[in-house]
Amino acid sequence: KNFAEALLTASFLLETGALVIADFLIKNEQVVPFKQAIATKKPLHLIEEAFTETTKEEVAAAMFKQWNFDTILSESIRFSNTPKEADETIFPYAAPLAVIKTAITLTEQLTPHSIEAAVALAKELGLDDVSLSEAIKTVSQ
């Protein structure tokens, strides 16, 4: 139960850093170029790094660390773009978050392409891709 609660909380808080990045982009008059970059369909974290030298996940993790949130929560968010780089205590949380972020992106929400990519990532990360496919099917109906 605690594992599921931690993942649910992290999945809701993943986008917190996006507010800070959006504010930065607005103040630096980079909104239009940022939107144009998003249209290229490159991974969003790479676009964020190109514009801000950080990602929304790194910003959120830093905020949560500063506010003394649970380490598993902040670190699972930090490593949700790079779960293979997480240590063994964080990986079980970061990996599912990476899969969720692949299935539901800014430009694709459970599309055939994003589902295929999410299932492939789950398999690559050693997660249960069959159960994931079934869960996506249930949610999509």
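So, a few notes on the structure that sits alongside this text.

The tally for this structure, following the rule as stated, stands at 5 aromatic pairs. With centroids separated by 6.0 Å and ring planes inclined at 45°, the aromatic side chains of tryptophan 67 and phenylalanine 69 adopt a geometry described as tilted. Classification of phenylalanine 69 as partly exposed rests on a relative accessible area of 35%. An aromatic cluster of three or more residues is present, and its members are Phe64, Trp67 and Phe69.

Turning our eyes to something else, we now look at the packing of helix 2 (residues 16–27) against helix 5 (residues 56–66). As a packed pair, helix 2 and helix 5 sit with axes 7 Å apart at the nearest point and diverge in direction by 110°. Looking at the two axes, helix 2 sits roughly perpendicular to helix 5. Judged by the twist between their axes, the crossing of helix 2 over helix 5 is right-handed. Facing helix 2, whose interface residues are Thr16, Gly17, Ala18, Val20 and Ile21, helix 5 presents Lys56, Val59, Ala60, Met63 and Phe64. Looking at the contact of helix 2 with helix 5, its residues break down into 7 nonpolar, 2 polar and 1 charged.

For the pair helix 1 (residues 2–13) and helix 6 (residues 71–78), the least separation of the axes is 10 Å and the interaxial angle reads 55°. Taken together, the axis directions place helix 1 and helix 6 in an arrangement best described as oblique. Where helix 1 crosses over helix 6, the handedness of that crossing is right-handed. Along its contact with helix 1, which presents Ala6, Thr9, Ala10 and Leu13, the element helix 6 presents Leu73, Ser76 and Ile77. Tallied by class, the residues present in the contact of helix 1 with helix 6 amount to 5 nonpolar, 2 polar and no charged.

Attention shifts here to unusual backbone geometry. In this model, glutamate 29 sits at a positive phi of 50°, which is unusual for a non-glycine residue. Examined against the element boundaries, glutamate 29 turns out to sit in the loop between helix 2 and helix 3 (31–38). Given the relative accessible area of 68%, glutamate 29 is considered exposed. A positive phi angle, close to 55°, is found at leucine 110, a residue other than glycine. One can find leucine 110 in the loop between helix 7 (91–103) and helix 8 (112–124).

Next up on the list: helix 8. Taking 1.5 Å of rise per residue, 13 residues should cover 18 Å, and helix 8 covers 18 Å from first to last C-alpha, within 8% of that figure. On the buried face of helix 8, the contacting elements are helix 7 and helix 9 (129–140). Remark: glycine 126 follows helix 8 within two positions and exhibits a positive phi of approximately 80°.

The subject of this paragraph is the pattern of salt bridges. Pairing is possible between side chains that carry opposite charge, provided their charged atoms lie close to one another. Applying the stated criterion to the full structure yields 6 salt bridges. Residues lysine 56 and glutamate 57 are paired through a salt bridge, measuring 3.5 Å at the closest nitrogen-oxygen approach. In this structure lysine 56 comes out as buried when scored by relative accessible area, which is 5%. Residue class for glutamate 57 comes out buried when judged on its relative accessible area of 2%. One salt-bridge network, held together by shared partners, links Glu48, Lys56, Glu57 and Lys101.

Here is what the cut-offs are and how they apply
- Residues numbered from 1 in each chain as written.
- Predicted model: local features only at pLDDT ≥ 70, side-chain atom pairs only at ≥ 80, totals over all residues.
- Heavy atoms only, no water.
- Phe/Tyr/Trp six-rings, centres within 6.5 Å; stacked < 30°, edge-to-face > 60°.
- Buried < 20%, exposed > 50% of the residue type's maximum accessible area, 1.4 Å probe, protein only.
- Axes fitted to C-alpha atoms, helices over the stretch in contact; angles between N-to-C directions.
- Helix = DSSP H or I, 4+ residues; strand = E, 2+ residues; numbered from the N terminus.
- Parallel < 35°, antiparallel > 145°, perpendicular 65-115°, else oblique.
- Left-handed = near helix turned anticlockwise from the far one by under 90°.
- Contact = heavy atoms within 4.5 Å.
- Nonpolar A, V, L, I, M, F, W, Y, C, P; charged D, E, K, R; others polar.
- Expected span 1.5 Å × (residues − 1).
- Salt bridge = Lys/Arg side-chain N within 4 Å of Asp/Glu carboxyl O.

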